[in-house]
Amino acid sequence: MGKVVLVTGVARNLGARFAAEIAADPGVDRVVGVDLQPPAAELPAKVHLATVDLRRPAVARVIAEHDVDTVVHLNVSATGHGGRAAVKETNVIGTMQLLGACQKAPGVRRLVVKSTTAVYGSAPRDPAVFGERMQPKDLPAGGFAKDAAEVEGYVRGFARRRPDVAVTVLRFANIVGPAGDTPLAAYFALPLLPTVLGFDPRLQFVHEDDAVEVLRRSALDPRPGTSNTGTFNVAGDGVLLLSQCARRLGRPTVPLLRPALGVVAGLVRQTRLADMSHEQLQLLTHGRVVDTSQLRGTFGYTPAFSTAEAFADFAAAQRTGLLPPERLTAVTDRIAGLLGDTPRTDPPTDRPTGPSRTRS
């Protein structure tokens, strides 16, 4: 018999894409997609949909009924239905219920959990590059980052109780692509981008195609000479500055003092244009860069898209900004020249990770 894979969060774009991708693998007999909402896209017949609230114990029945041996938990997200309280319950309580069900299911042999690089936080005293074994200078005080940190804690406890289960935690940088549906994607869709005066943070992105491929490889047996068990940072090679992102989108920036930006963020949330949370404001102030050498070396995967290429694919799917990107770049470089500064080139040449990028 082949694998039976249970996928949570299948109503979202990433979950639906992964479910369709893993269902096409010849070593997988069946995929069980779990969510409260139906997916927007039609999924292959090999994917059985189960309408289940993860906050309830019913997921244990689904695991037993389908004899699931691989669980891929993607329903840990920054947004969702019912407001922040409901999202936190789904993230934390839902994960607890799922892990409890997995612990009681002797047939479960592999667990993959989607996490985020937000667990490292964004603070002025942060190191230049975060590795998987490094702890944040300041623990997340709330929001999605705190949810993800709690989820990872529960996963570590599960791994101690069930050492026979191969556990993989994937800390994704901000996922972008033509179908980007994240809070940061909503921020970049604003006609004017509010920024923090005096700060130009470094950002990393991972393309949704690479995210799906990393998840697929995590759910299957590792390739010879590699290991897909453990915690891995997942991001494209290189970095982009926030100002470079704005220029590539043709979006003018509005630099504000941090207190003023907090007020603007509140107004943006009230109008539901974007969910500019406290953790996102921290990211837009201090940025975050992670080391991906473990992904390339131990896990054995080199992302096909660099950070710059992933963002370019995302930008190509967005509506044109107020200014043409080429003209905006030329103007900013000319101003920098008049001020005696060296114009910044696009894409950036600094590489936070050791190995050079090669397509796989």
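Residues numbered from 1 in each chain as written. Predicted model: local features only at pLDDT ≥ 70, side-chain atom pairs only at ≥ 80, totals over all residues. Heavy atoms only, no water.

Draft legend 1. Geometry of the nonpolar core. If you look at the biggest cluster of nonpolar residues, it comprises 31 residues, and the most contacted ones within it are Phe 18, Ile 22, Val 31, Val 72, Leu 170, Phe 172 and Leu 215. Counting only elements with at least two residues in this core, the list comes to β1 (3-8), α1 (13-23), β2 (28-35), β6 (166-172), α6 (208-219), β11 (230-234) and α10 (293-299). It is α1 that provides the largest number of residues to this core, a total of 6 residues. Residue contacts for Leu 215: discarding those within four places in its chain leaves Leu 14, Phe 18, Val 72, Leu 74, Val 112, Leu 170 and Phe 172. In this structure, Phe 188, Leu 249, Ala 265 and Met 276 belong to the second largest nonpolar core, which totals 29 residues. (Core = buried A, V, L, I, M, F, W, Y, C linked by side-chain atoms within 4.5 Å. Buried < 20%, exposed > 50% of the residue type's maximum accessible area, 1.4 Å probe, protein only. Helix = DSSP H or I, 4+ residues; strand = E, 2+ residues; numbered from the N terminus. Contact = heavy atoms within 4.5 Å.)

Draft legend 2. Local environment of the packing of helix α2 (residues 58-65) against helix α3 (residues 83-104). At their nearest, the axes of α2 and α3 sit 8 Å apart, and the two run at 40 degrees to each other. On the basis of the axis angle, α2 is oblique to α3. Considering the relative orientation of α2 and α3, their crossing is right-handed. Of the residues in α3, those in contact with Val 59, Ala 60 and Ile 63 of α2 are Gln 97, Leu 98, Ala 101 and Cys 102. Tallied by class, the residues present in the contact of α2 with α3 amount to 6 nonpolar, 1 polar and no charged. (Axes fitted to C-alpha atoms, helices over the stretch in contact; angles between N-to-C directions. Parallel < 35°, antiparallel > 145°, perpendicular 65-115°, else oblique. Left-handed = near helix turned anticlockwise from the far one by under 90°. Nonpolar A, V, L, I, M, F, W, Y, C, P; charged D, E, K, R; others polar.)

Draft legend 3. Quick look at the packing of aromatic side chains. Evaluated as defined, the whole model comprises 8 aromatic pairs. Relative to Phe 130, the ring of Tyr 120 lies with its centre 4.7 Å away and its plane at 15 degrees, an arrangement referred to as stacked. Residue Tyr 120 is found in the loop between β5 (110-116) and α4 (143-161), and its partner Phe 130 is found in the loop between β5 and α4; the two are separated by 10 residues along the sequence. The exposure classification of Tyr 120 matches that of Phe 130, with both residues buried. (Phe/Tyr/Trp six-rings, centres within 6.5 Å; stacked < 30°, edge-to-face > 60°.)

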